[in-house]
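What follows is each chain in one-letter form.
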Amino acid sequence: MRGMSAAYLNELGLICALGSGQAEVRAGLFAAAPSGVAELSDLLPGRSLHLGAVRQPLPDLAHLPLHQRSRNNALLLAALAQIRPAVDAAIGRYGAERIGVILGTSTSGVGESEAAFAARQREGQFPVGFDVRQQEIGSPALMLADLLGLGGPAYVISTACSSSAKALASAARQLAAGVFDAVLCGGADSLCAFTVAGFESLESVDAARCNPSSANRRGINIGEAAALFLMTREPAGVRLAAWGESSDAHHISAPLASGEGALSAMQQALQGAGLAPHEIDYLNLHGTATLQNDAMEARAVQQLFGSDLACSSTKPLTGHTLGAAGALEAALAWLTLTDNPLGQLPPHWWDGCADPNLPRLNLVRPGQSLGRPPRAVLSNSFAFGGSNAALLLTRESAAEFEPQQQWAISELLPHGGRMRLLTDLLDSDPEGVTALVCIQAQDLFFDPALGSAGGVGAWVGIEYMAQAVAAWAGLQARASGGAPKIGLLLGSRKYRCERACFELGDRLEVRVRREFQADNGLGQFACEILIGGHCVAGAVLTVFAPPDPEQFLREQGTSA
């Protein structure tokens, strides 16, 4: 099925070893020489290692409760500051109760606990600024929700290196289910000795800049980062078109050597977006530069895409940011898809010594480009325990947001006379419409006893939403040269309305957005009603549009 997800990545804030903000990170991502990861000697005693450390000053945490003060949360605040105006506007538009927070992390405040236990060993007691709750894995999401006063779901996913990729997928699913109207999603992880020493004990750390896909690869560089998206159903330049997830359940730290789990995740992403392998322009490899990961991933990629798809690992620039890696590399995919008319691609920085035991991949050379804007980018994240995730991002052109032709509402609906409840069509795009309803005394469901001067019962909001869905379907029919057809409302979920009625003179904006559309005519739409820019009602509608409505109704009548 094509175009299942209406999850648009409207805004992006990020900070990593390449810099802070889109401009700095973009410059480092496409530069002619590698930067970001650098040699540091102050994390592990007696060890000098290349690490993806953030060197910019981070926001002060004094305004946060003690239990939320951690470097992890400081990284998130740096990313949030870059998109705060858009977040505040979303709160004003949707209401704080309709916005959620879903993040990925693996460290949370482990670094603060490390420092506190070291102080206790030296001095016999914990330092004044320590609170064990700083290490709580859910702290990042709760911090953002508390800071912004959000009332929607707020939680963290921690599945090692796939954490924040799975957080984006979870956010898209929750958005599609109508749980909220907007979500802050992404991830953060901060450098700490515990993590680096752990990978060192597995002999998986390279002291030099990591060397993915090379015959000389020796392991990863650990990094830190935060990447934060504002995801909504409102069309934007980049869409999370689909995702794939799988679980090897093979080994606690080693991937399934055949690459079956990774292959399954990538196949699911392509199927969900309705894209063929040749329609993908670039693949951001998980590319950790460990012996087993690179071998497994190369097999899976070659089996699905052959040897032609441009791909690279960006971890020599950012380091492996663990729980933040999925979101960070989705952010790099986002940058690749936006403001990139020549289709520059992130280079694969390595020594050029190909491993003869690996399938050949088309690794991106410095300066390599498509010669046109990219349209679809895939990003892989594979974790300990065989937790695999693949995110597929697509560029949505501005032209696709505009209706092909202006149609009167009467030309889009099969309803006539007073049964036509919508006043006008205000806006449309391939995924939904915004319709206008003006409450008037001659309306079919008008009751003079409601409100101060008469109105329409709140329950009629479902009818307005259903007709807006019908208007969207009418647009699709007109675009293909057909006429509007009758559809069936199968049910609604979670209809909520904060008004007892819609009063005489009210102007309602009825917005509906397609969440999925099956080939058999079954569809699901997220719907809301706004008055004065404020959302007063919402629901998720399930509808059915049979190919031949009259025949379908006859058959139902016969069977009855």
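None of these values were measured; they are calculated from a predicted model. (Residues numbered from 1 in each chain as written. Predicted model: local features only at pLDDT ≥ 70, side-chain atom pairs only at ≥ 80, totals over all residues. Heavy atoms only, no water.)

Along its length, the protein chain carries 12 helices and 23 strands. Here the C-alpha radius of gyration of the protein chain, 26 Å, is about what a compact globule of 560 residues would show, namely 24 Å. With respect to the three principal axes, the spread of C-alpha positions in the protein chain is 85 × 55 × 45 Å. When burial is assessed residue by residue, the protein chain has 56% of its 560 residues classed as buried. The long-range fraction of contacts in the protein chain, counting pairs at least 24 apart against all pairs at least 6 apart in sequence, stands at 77%. As displayed, the protein chain offers around 22,100 Å² of accessible surface, 53% of which is attributable to carbon and sulfur atoms. Positive and negative charge centroids in the protein chain, built from 39 and 53 side chains respectively, lie 2 Å apart. (Helix = DSSP H or I, 4+ residues; strand = E, 2+ residues; numbered from the N terminus. Rg over C-alpha atoms; globule rule 2.2 N^0.38 Å. Buried < 20%, exposed > 50% of the residue type's maximum accessible area, 1.4 Å probe, protein only. Contact = heavy atoms within 4.5 Å. Areas by Shrake-Rupley, 256 points an atom, 1.4 Å probe, with all protein chains shown as cover. Lys, Arg positive; Asp, Glu negative; His and termini not counted. Charge placed at Lys NZ, Arg CZ, Asp CG, Glu CD.)

With that out of the way, let us pick up the confidence of the model for the protein chain. Put simply, the protein chain has an average pLDDT of 90, and 94% of its residues get 70 or more. pLDDT under 50 marks residues 399-404. Its contacts with residues more than four places away, or in other chains, come to 13 contacts. (pLDDT = per-residue confidence, 0-100.)

Ordered by their spatial adjacency, 3 strands build an open sheet running β17-β18-β20, and the pairing between neighbours is antiparallel. Lying at the two open borders of the sheet, with one neighbouring strand each, are β17 (446-447) and β20 (501-503). The pairing of strand β18 (residues 455-457) with β20 spans 3 bridges and is classified as antiparallel. Across the sheet, the residue bridging to G455 is E503, located in β20. (Pairing = 2+ DSSP bridges.)

This brings us to the nonpolar core. Here is a general trend for soluble globular proteins: nonpolar side chains tend to be buried in one another's company. Of all hydrophobic cores here, the largest spans 46 residues; its most connected members are L9, L168, F229, M231, L240, W334 and L393. Listing elements by their share of this core, those giving two or more residues are β1 (7-16), α1 (22-29), α5 (163-176), β7 (182-189), β8 (225-232), β9 (238-247), α10 (325-337) and β14 (387-395). In terms of residue count, the dominant contributor to this core is α10 (9 residues). Excluding anything up to four places from it in sequence, F229 contacts L9, E11, L12, L168, V183, L184, C185, A327, A330, A331 and W334. Within the second largest apolar cluster, 37 residues are counted, among which are A435, M465, A468 and A471. (Core = buried A, V, L, I, M, F, W, Y, C linked by side-chain atoms within 4.5 Å.)

Turning to the pattern of salt bridges, a few remarks are in order. For the coordinates displayed, the defined rule picks out 22 salt bridges. Across the pair R47 and E200 runs a salt bridge whose closest N-O atoms are separated by 2.7 Å. Here the residue R47 occupies a position in the loop between β3 (38-40) and β4 (49-51), and E200 occupies one in helix α6 (residues 193-201), the gap between them amounting to 153 residues. With a relative accessible area of 23%, E200 lands in the partly exposed category. For R93, the salt bridge identified is with E234, shortest N-O distance 3.5 Å. Taken together, the residues span a long stretch of sequence, with R93 in helix α2 (residues 71-94) and E234 in the loop between β8 and β9 at a distance of 141 residues. (Salt bridge = Lys/Arg side-chain N within 4 Å of Asp/Glu carboxyl O.)

For the rest of this paragraph, the subject is the packing of aromatic side chains. Applying the stated criterion across every chain, the model contains 6 aromatic pairs. Ring centres of F117 and F130 lie 6.5 Å apart, and the angle between their planes is 70°; this geometry places the pair in the edge-to-face category. Residue F117 is located in helix α3 (residues 110-123), and its partner F130 is located in the loop between α3 and α4 (139-148); the two are separated by 13 residues in the primary sequence. Relative accessible area serves as the criterion here: at 15%, F130 is assigned to the buried category. Seen in terms of ring centroids, W472 and F525 are 5.2 Å apart; in terms of plane orientation they differ by 65°. Their pairing is edge-to-face. (Phe/Tyr/Trp six-rings, centres within 6.5 Å; stacked < 30°, edge-to-face > 60°.)

Let us now look at helix α8 (residues 291-305). Between its first and last C-alpha atoms α8 spans 21 Å; for 15 residues at 1.5 Å apiece the expected length is 21 Å, and the two agree. Within α8, the full set of buried residues consists of N293, D294, A295, M296, E297, A298, A300, V301, L304 and F305. Each element contacted by the buried residues of α8 is listed here: α7 (260-273), β10 (282-284) and β13 (376-383). Of the residues flanking the end of α8, it is G306, one or two places downstream, whose phi is positive at about 75°. (Expected span 1.5 Å × (residues − 1).)

A separate point is the packing of α2 against α4. Between α2 and α4, whose axes approach to 11 Å, the crossing angle comes to 40°. Comparing their axes, α4 and α2 come out oblique. Judged by the twist between their axes, the crossing of α2 over α4 is right-handed. Residues N72, N73, L76, L77, L80, R84, V87, D88 and I91 of α2 lie in contact with α4, whose contacting residues are S139, P140, M143, L144, L147 and L148. The residue inventory of the contact of α2 with α4, partitioned by class, reads 10 nonpolar, 3 polar and 2 charged. (Axes fitted to C-alpha atoms, helices over the stretch in contact; angles between N-to-C directions. Parallel < 35°, antiparallel > 145°, perpendicular 65-115°, else oblique. Left-handed = near helix turned anticlockwise from the far one by under 90°. Nonpolar A, V, L, I, M, F, W, Y, C, P; charged D, E, K, R; others polar.)

Most of β7 sits out of view: 8 of its 8 residues are buried. Residues A182, L184, G186 and A188 point to one face of β7 and V183, C185, G187 and D189 to the other, with burial holding for every one of them. Relative to β7, strand β5 (residues 99-104) runs parallel, the two sharing 6 bridges. Looking at β7, one finds that V101 is bridged to L184. Where β7 and β8 come together, 8 bridges link them in antiparallel fashion. Bridge pairing links G187 to A227 in β8.

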